[in-house]
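Here is what each chain is made of, one letter per residue.
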Amino acid sequence: SELWLSRETTGPPHPGLYRHASLLIGDVTYFFGGHDGKSYYNSLHQLDLEQLMWRIAQPRHTSHAPMKKRDCGMVSFGQDKLVLFAGYGIPSPRVHPGSIFIP
């Protein structure tokens, strides 16, 4: 029979933004960006589905961080890269509209 289960997780969870992007690679689900009604975000949260543990991915170079946005596309490139593209947000001189993240 079909059944919904609730499980406890550890770590800092995704803040519950709307219009974020999400993607599953292996046993890890990634959640990028979103909007809270006032501000755009560019955080990348990971949920390890085996360990039920959240973590926030930290870029190696903050000068290459993707722009804060919502409604963007996110696809995997191989088994070790995320590609972000398009979306709606407010760009600044230090961010890029398209980005690749290597976990």
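As the structure is a prediction and not an experimental result, all values here were calculated from the model.

**Some remarks on the nonpolar core**
Among the nonpolar cores identified, the biggest contains 12 residues, and these are A21, L23, I25, V28, Y30, F32, L44, A57, C72, M74, L82 and L84. Counting residues per element, the ones that place at least two in this core are β1 (21-25), β2 (28-35) and β7 (82-85). Discounting residues that sit within four places of it in the chain, I25 has contacts with Y30, S76, Q79, K81 and L82.

**Overview of the confidence of the model for the protein chain**
Averaged over every residue, the pLDDT of the protein chain is 85; the share at 70 or more is 84%. Per-element confidence in the protein chain ranges from a low mean pLDDT of 61 for strand β9 (residues 99-101) to a high of 96 for strand β4 (residues 53-56).

**Here we look at the side chain of D48**
Turning to its location among the elements, D48 is positioned in strand β3 (residues 40-48). Side-chain polar atoms of D48 contact the backbone nitrogen of Q51, separated by 2.8 Å. Beyond its immediate chain neighbours, meaning those up to four positions away, D48 contacts D27, V28 and M53.

**Looking at the pattern of salt bridges**
Going through the model one piece at a time under the given rule, you end up with two salt bridges. Across the pair D71 and R19 runs a salt bridge whose closest N-O atoms are separated by 3.1 Å. Here R19 lies in the segment before β1 and D71 lies in the loop between β5 (69-70) and β6 (73-76), a separation of 52 residues in the sequence. Taking the relative accessible area as the measure of exposure, D71 reaches 37% and is therefore partly exposed. Relative accessible area serves as the criterion here: at 43%, R19 is assigned to the partly exposed category. Here R70 ties to D71 by a salt bridge, and the two come within 2.8 Å at their closest N and O atoms. On the basis of relative accessible area, R70 is assigned to the buried category, the value being 17%. Look at the salt bridges and you will find they share partners, linking R19, R70 and D71 into a network.

Cut-offs applied
- Residue numbers run consecutively from 1 along every chain, following the written order of its sequence.
- Confidence filtering applies because this is a predicted model: local features only for residues at pLDDT of at least 70, side-chain atom pairs given and counted only at 80 or more, and all residues used for totals across whole chains, interfaces and linings.
- With hydrogens and water stripped out, all remaining heavy atoms of the structure feed into the side-chain values.
- Buried Ala, Val, Leu, Ile, Met, Phe, Trp, Tyr and Cys residues form a nonpolar core when they are joined through side-chain atoms within 4.5 Å.
- Classification of residues uses two cut-offs on accessible area relative to the type maximum, computed with a 1.4 Å probe and protein chains only: under 20% is buried, over 50% is exposed, and between them is partly exposed.
- Numbered from the N terminus, helices here are DSSP runs of H or I no shorter than four residues, and strands are runs of E no shorter than two.
- In what follows, a contact means two residues having at least one pair of non-hydrogen atoms within 4.5 Å.
- Per-residue confidence from the predictor is reported as pLDDT, which spans 0 to 100.
- Contacts described as polar in this section are N or O atom pairs within 3.5 Å, which, within protein, must combine one atom able to donate a hydrogen with one able to accept it, while residues neighboring in sequence count only if both atoms come from side chains.
- A pairing counts as a salt bridge when a side-chain nitrogen of Lys or Arg comes within 4 Å of a carboxyl oxygen of Asp or Glu.

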